Amino acid sequence: MPQKLILIIDDDNRNIFALKAVLKAKGFDCLSAISAQEGFAVMEKHDNVAIVLMDMMMPDMDGYQAIAAMKKSAKMQNIPVLAVTAQAMVGDKERCLSAGASGYVSKPINVDELLMQIENFTK
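Residues numbered from 1 in each chain as written. Predicted model: local features only at pLDDT ≥ 70, side-chain atom pairs only at ≥ 80, totals over all residues. Heavy atoms only, no water.

Draft legend 1. Representation of helix α5 (residues 111–121) within the structure. Of all the positions in α5, only Leu114, Leu115, Gln117 and Ile118 are classed as buried. In an axial view of α5, the angular spread of the buried residues amounts to 165°, which keeps them on one side of the axis. The exposed residues of α5 that point more than 90 degrees off its buried face are Asp112 and Met116. (Buried < 20%, exposed > 50% of the residue type's maximum accessible area, 1.4 Å probe, protein only. Helix = DSSP H or I, 4+ residues; strand = E, 2+ residues; numbered from the N terminus. Arc of directions from axis to C-beta.)

Draft legend 2. The sheet that holds strand β3 (residues 49–55), seen in detail. Reading across from one edge, β2-β1-β3-β4-β5 is the order of the five strands in this open sheet, with parallel pairing throughout. Two strands close off the open sheet at either side, each with one partner strand: β2 (29–33) and β5 (103–106). The sheet shows a mean angle of 20° between the axes of neighbouring strands, direction not considered. One ladder, built from four bridges, connects strand β4 (residues 81–85) with β5; its direction is parallel. Following the sheet pairing, Thr85 is matched in β5 by Ser106. Packed on one face of the sheet, helix α2 (residues 36–45) meets β1 (5–9), β2 and β3 and runs near 165° to β1. Contacting β1, β3, β4 and β5, α5 crosses the sheet at an angle of about 165° to β5. (Pairing = 2+ DSSP bridges. Axes fitted to C-alpha atoms, helices over the stretch in contact; angles between N-to-C directions. Contact = heavy atoms within 4.5 Å.)

Draft legend 3. Highlighting the UniProt feature "modified residue: 4-aspartylphosphate" (unreviewed entry) in the protein. Mapped onto the present numbering, the UniProt feature "modified residue: 4-aspartylphosphate" (unreviewed entry) falls on Asp55. Topologically, Asp55 is positioned in strand β3. Classification of Asp55 by relative accessible area gives buried; the value is 4%. In this structure Asp55 touches Ile9, Asp10, Asp11, Gly63, Val84 and Lys107, once residues within four positions along its chain are discounted. (UniProt positions renumbered as here; feature names shortened; annotations may be inferred.)

Draft legend 4. Fine view of the pattern of salt bridges. This model, assessed by the stated rule, comprises four salt bridges. Measuring nitrogen to oxygen at the nearest pair gives 3.5 Å for the salt bridge that ties Lys107 to Asp10. Note that Lys107 is positioned in the loop between β5 and α5 and Asp10 in the loop between β1 and α1 (13–25), a separation of 97 residues in sequence. Judged by relative accessible area, which is 22%, Lys107 ranks as partly exposed. (Salt bridge = Lys/Arg side-chain N within 4 Å of Asp/Glu carboxyl O.)

Draft legend 5. Structural context of the pairing of β2. Sheet topology note: the β1/β2 ladder contains five bridges and is parallel. Looking across to β2, one finds that Ile8 is bridged to Ser32.

Draft legend 6. Spatial organisation of the environment of Leu5. Here Leu5 shows up in strand β1. Classification of Leu5 as buried rests on a relative accessible area of 9%. Between the alpha carbons of Leu5 and Gly103 there is a distance of 17 Å; along the sequence they are 98 residues apart. When residues no more than four places from it in sequence are discounted, the contact partners of Leu5 are Asp29, Cys30, Leu31, His46, Asn48, Val49, Ala50 and Ile51.

Draft legend 7. View of the side chain of Thr122. Among the structural elements, Thr122 can be located in the segment after α5. For Thr122, the side chain forms a polar contact with the main-chain oxygen of Ile118, separated by 2.7 Å. (Polar contact = N/O pair within 3.5 Å; in protein donor to acceptor, adjacent residues only side chain to side chain.)

If you want it as structure tokens, here you go:
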């Protein structure tokens, strides 16, 4: 059985680097993309993406638009999306979840919380 992949979509390479380091140390395989469109291309190519960590604030297409596009795609609609956001403002979590995200973490990321959510959605 192929290893479950985690796709990180974030326009900031430093965030990708940090998340990949943590997740690889925990035994996960990671792919990354610096835009939603690039992330869609990765999902088209790889059938074993188990979960997407989606930065919600990106130029061009933000996380909300990207989740909406994923929900319309037969290939991507069932892949859980964990919304990652820098502003932990009141209502952010609800807004992410109502946009179709499966879960939510805010930056700076609490690694234990992140791993718990990844485990929940990749069982």
